[in-house]
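What the coordinates show
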Amino acid sequence: MRIVLVGPPGAGKGTQAAFLAKNLAIPHISTGDLFRANISQQTELGKLAKSYMDKGDLVPDEVTIAMAKDRMEQPDAENGFLLDGFPRNVPQAETLKKLLLQEWDARLSVVLELVVDEDEVVRRLSGRRTCRRCERVWHVLYDPPARTGICDDCGGELFQRDDDSEETIRHRLEVYAEQTSPLIAFYADENILIGIDATGPVEEVTSRAMAALRPFVR
Ligand SMILES: [Zn+2]
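From a predicted model like this one, the values you see are computed outputs, not experimental measurements.

Okay, the packing of helix α2 (residues 31–40) against helix α3 (residues 44–54) next. Packing of α2 against α3 brings their axes to within 7 Å, and their N-to-C directions diverge by 110°. Taken together, the axes of α2 and α3 are roughly perpendicular relative to one another. For the pair α2 and α3, contact is made by F35, N38 and I39 and by L45, G46, K50 and M53, respectively. Considering only residue class, the contact of α2 with α3 consists of 4 nonpolar, 2 polar and 1 charged.

This is the structure in structure tokens:
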């Protein structure tokens, strides 16, 4: 089965992608891993991607797509794959659709959207506190240390990273919604979009996702 996973920052997408891929025995293909692998193995695509990244530019879509194609051609992806972070816009989605048809005479099985309540994401992320000394991450509500502001493990001082401030989180969610809503609409039009509630414990979200995917497992 060929799956695309989409979800906002704070939805636990990376974690769910890893669990789902394992349960379904298909590779988890994330753009981050693709970039890292191609750059560390110094492939032609990796060198090309790096030349853009070194200049602080975005890696062009064609390069990302070529890396994804290489990866989807590997033997472990014969029975499908779970894409994470790609496609990230409508032109990439259209290219992926053409590529699957041309190379494999195939289509995506399903696009799974992790749906979370914005306030819930803010609550989850803005409660994070990081230890200055050992970098362990605590949570003021869900995983508080015994003494407020002090790391249980090493006695270090806890602080809130800029990334975890409410303002930054709300901004990232806004950017995500703006960039991703056309992609979501595209897949809704294709009738392959399924949304699941990604609120709550990781295992519960995984079971919900597996239940939603079950009809597509062959
Ligand atoms: Zn610590």
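On the surface, a cluster of nonpolar side chains totalling about 310 Å² of accessible area is made up of V140, L141 and Y142. For L141, the location among the structural elements is in the loop between β6 (137–139) and β7 (158–159).

It is worth spelling out the layout of surface pockets at this point. Its boundaries defined by the atoms lining it, the largest pocket holds a volume of some 510 Å³. In terms of lining, the largest pocket is formed by 19 residues, of which the most central are G85, R88, Y176, Q179 and T180. Going through the elements one at a time, β1 (2–6), α2 and α7 (166–189) are the ones with two or more residues in the lining of the largest pocket. In terms of residues, the lining of the largest pocket owes the most to one element, α7, which gives 6 residues.

What follows covers the coordination of the zinc ion. Only C131 (SG), C134 (SG), C151 (SG) and C154 (SG) from the protein coordinate the zinc ion, and they sit 2.3 Å from it. One can describe the site at the zinc ion as tetrahedral: its 4 donor atoms subtend angles covering 96 to 116° at the metal. Counting gaps between the donor residues of the zinc ion yields the pattern C-x2-C-x16-C-x2-C. When its relative accessible area of 2% is taken as the criterion, C151 is described as buried. Residue C154 is classed as partly exposed on the basis of its relative accessible area of 25%.

Before going further, it helps to spend a moment on the packing of helix α6 (residues 118–126) against α7. Where α6 contacts α7, the two axes come as close as 10 Å, and the packing angle between them is 140°. On the basis of the axis angle, α6 is oblique to α7. Where α6 crosses over α7, the two elements pack in a sense that is right-handed. Listed contacts from α7 to E118, D119, V121, V122, L125 and S126 of α6 are E166, I169, R170 and L173. Considering only residue class, the contact of α6 with α7 consists of 5 nonpolar, 1 polar and 4 charged.

A separate point is the sheet that holds strand β2 (residues 28–30). A sheet is described by the order of its strands in space; here 5 strands give the open sequence β2-β3-β1-β4-β8, paired in parallel fashion. Every interior strand has two partners, whereas the edge strands, β2 and β8 (193–197), have only one. On average, adjacent strands in this sheet sit at an angle of 25° to one another, irrespective of strand direction. Of the strand pairs in this sheet, β1 and strand β3 (residues 81–84) are connected by 4 bridges, and their pairing is parallel.

How each quantity is defined
- Residues numbered from 1 in each chain as written.
- Predicted model: local features only at pLDDT ≥ 70, side-chain atom pairs only at ≥ 80, totals over all residues.
- Heavy atoms only, no water.
- Axes fitted to C-alpha atoms, helices over the stretch in contact; angles between N-to-C directions.
- Helix = DSSP H or I, 4+ residues; strand = E, 2+ residues; numbered from the N terminus.
- Parallel < 35°, antiparallel > 145°, perpendicular 65-115°, else oblique.
- Contact = heavy atoms within 4.5 Å.
- Nonpolar A, V, L, I, M, F, W, Y, C, P; charged D, E, K, R; others polar.
- Patch = residues over 30% accessible without salt bridge, like charges linked within 9 Å, V, L, I, M, F, W, Y side chains within 5 Å.
- Areas by Shrake-Rupley, 256 points an atom, 1.4 Å probe, with all protein chains shown as cover.
- Salt bridge = Lys/Arg side-chain N within 4 Å of Asp/Glu carboxyl O.
- 1 Å grid on protein atoms, 1.4 Å probe; cavity = no way out; pocket = protein on both sides within 12 Å on 5 of 7 lines; lining within 4 Å.
- Points joined across faces, edges and corners; volume = space filled by probe spheres on them.
- Donors = N, O, S within 2.8 Å, 3.2 Å for Na, K, Ca; no water.
- Tetrahedral: all angles 85-135°; square planar, octahedral: opposite > 155°, others 65-115°.
- Buried < 20%, exposed > 50% of the residue type's maximum accessible area, 1.4 Å probe, protein only.
- Left-handed = near helix turned anticlockwise from the far one by under 90°.
- Pairing = 2+ DSSP bridges.

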